[in-house]
Amino acid sequence: KLKLLQELKGKENITLDGRKINIYANIGSVGDIGYVMENDAGGIGLFRSEFLYLGRNDFPTEEEQFQAYKQAVQMMAGKKVIIRTLDIGADKQVDYFNLGNEDNPAMGYRAIRICLRQPEIFKTQLRALLRAAVYGNLSIMYPMITSTEEVKKIYEIVAEVEEELKAQEIQYKIPEQGIMIETPAAAIISDKLAEMVDFFSIGTNDLTQYTLAIDRQNEKLDDFYNPHHEAILRMIQMVVDNAHKCGKWAGICGELGADATLTEQFVRMGLDELSVAPSMVLKLRKIVREMKVEE
Ligand code: PEP
Ligand code: MG
């Protein structure tokens with residue numbers, strides 16, 4: 001069976017009746033890129049940048065970040081690499097951020113909220129990303145968005161970074177910029193958000209947590225954590241439709257994207273991309289190649 005999957009390398013993700021979908025990979029460090037290539041993923045749909053911040057005593061420098069992002073896009077040689085800006089907080093705690101204790105960290109000071117409140121941390125990462133974008137097919141993705149105001153503030157900060165790089169005569173490129181849809185608020189206003197961004201990537205892990213009001217870390221609630229809930233599937237459809245109305249693309253980068261029991265449904269729903277663990281790429285390719293959109 002594994003051998004049969006190996007034979008799918010180099011083939012397209014295309015249904016019997018001609019619908020194509022991108023199947024990308026999720027990674028957590030530059031070291032994972034070998035698996036991405038081995039499994040013939042079309043790109044990297046979620047590069048969790050936390051690896052740069054975790055397991056150390058101080059913030060990573062702009063240069064360290066630049067080198068890591070540059071290496072990633074160069075290794076992927078023209079294939080899309082979507083790097084998510086830092087998603088620290090909640091389940092990912094780092095001492096030197098001094099985030100303090102919170103009663104509800106999942107609903108607390110995390111991800112883009114830290115970036116907007118402490119723009120010096122955000123700007124260092126953005127400088128590294130804009131500089132690395134010169135070397136390949138890099139996209140930036142912002143996590144935990146809930147409002148259009150947040151996106152506006154992000155763009156203001158990106159514009160400041162651009163001005164600074166220009167003034168310093170440092171090479172940069174403004175890459176494609178998208179957001180994660182992982183809060184119910186973002187899904188519900190996705191018609192407005194679609195006008196502002198280049199793409200959506202649906203984070204079903206957090207979207208399920210916040211929609212069903214179930215702490216994704218609380219094992220006691222595992223029986224209730226149901227990403228197949230109709231509310232989640234309806235939101236995914238709504239997000240895809242709102243993206244397409246604006247000519248933007250929409251994918252899934254949460255765990256649900258790798259759920260083989262839903263692959264056919266996702267293709268029919270019009271999803272443009274599924275970003276999954278590298279080991280799942282060929283399995284999903286097989287399902288796509290053996291299905292028809294029209295039953
Ligand atoms: C998600 O929430 O679905 C997601 C992909 O992000 P993370 O699991 O890193 O929170
Ligand atoms: Mg998330």
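Bear in mind that the values here come from a model prediction, so they are computed numbers and not experimental data. (Residues numbered from 1 in each chain as written. Chains lettered and ligands numbered in written order. Predicted model: local features only at pLDDT ≥ 70, side-chain atom pairs only at ≥ 80, totals over all residues.)

A. Expanded view of the nonpolar core. Counting residues in each nonpolar core, the largest one holds 78 residues, and the members touching the most others are Leu129, Ile179 and Val239. Those residues within four positions of Leu129 in sequence are excluded, and the remaining contacts are Tyr69, Ile83, Leu138 and Ile140. (Core = buried A, V, L, I, M, F, W, Y, C linked by C-beta atoms within 7 Å. Buried ≥ 20, exposed ≤ 12 C-beta atoms within 10 Å, placed from the backbone. Contact = placed C-beta atoms within 7 Å.)

B. Region of interest: the UniProt feature "binding site: Mg(2+)" (unreviewed entry) in the chain. Look at the UniProt record and you will see "binding site: Mg(2+)" (unreviewed entry) annotated at Glu182 and Asp206. These residues run over 25 residues, yet every pair of their C-alpha atoms falls within 5.3 Å of each other. Positionally, Glu182 belongs in the loop between strand E5 (176–181) and helix H7 (184–188). The residues touching Glu182, leaving out its near neighbours within four places in the chain, are Pro143, Met144, Gly203, Asp206 and Leu207. Considering the arrangement of structural elements, one finds Asp206 in helix H9 (residues 204–212). (UniProt positions renumbered as here; feature names shortened; annotations may be inferred. Helix = DSSP H or I, 4+ residues; strand = E, 2+ residues; numbered from the N terminus.)

C. Here's a closer look at the pairing of strand E3 (residues 81–84). Burial along E3 is two-sided: the face carrying Val81 and Ile83 and the face carrying Ile82 and Arg84 are both buried. Of the strand pairs in this sheet, strand E2 (residues 44–48) and E3 are connected by three bridges, and their pairing is parallel. Opposite Phe47, over in E3, you have Ile83 as the bridge partner. In this view, the connection linking E2 to its parallel neighbour E3 by way of helix H3 (residues 62–75) has right-handed handedness. As paired elements, E3 and strand E4 (residues 138–142) share four bridges and run parallel to each other. (Pairing = 2+ DSSP bridges. Right-handed = clockwise from strand over helix to strand, strands pointing away.)

D. Just helix H5 (residues 119–132), in detail. Over its 14 residues, H5 runs 19 Å from end to end, which matches the ideal 20 Å to within 8%, given 1.5 Å per residue. Taken as a whole, H5 has its buried residues at Phe122, Gln125, Leu126, Arg127, Ala128, Leu129, Leu130, Arg131 and Ala132. Buried residues in H5 make contact with H3, E3, helix H4 (112–117), E4 and helix H6 (148–167). (Expected span 1.5 Å × (residues − 1).)

E. A look at the site of ligand 1. Residues in contact with ligand 1, as listed here, are Leu46, Arg48, Asp87, Glu182, Gly203, Thr204, Asn205, Asp206, Cys253 and Gly254. Of all the elements in the fold, those that place two or more residues in the shell around ligand 1 are E2 and H9. Of the residues that constitute the shell around ligand 1, the class distribution is two nonpolar, four polar and four charged. (Near = placed C-beta within 6 Å. Nonpolar A, V, L, I, M, F, W, Y, C, P; charged D, E, K, R; others polar.)

F. Structural view of the pairing of strand E8 (residues 273–276). Burial of the side chains of E8 extends over both faces: Glu273 and Ser275 are buried on one face and Leu274 and Val276 on the other. For the crossover that starts at strand E7 (residues 249–252), traverses helix H11 (residues 263–269) and ends in the parallel E8, the hand is right-handed.

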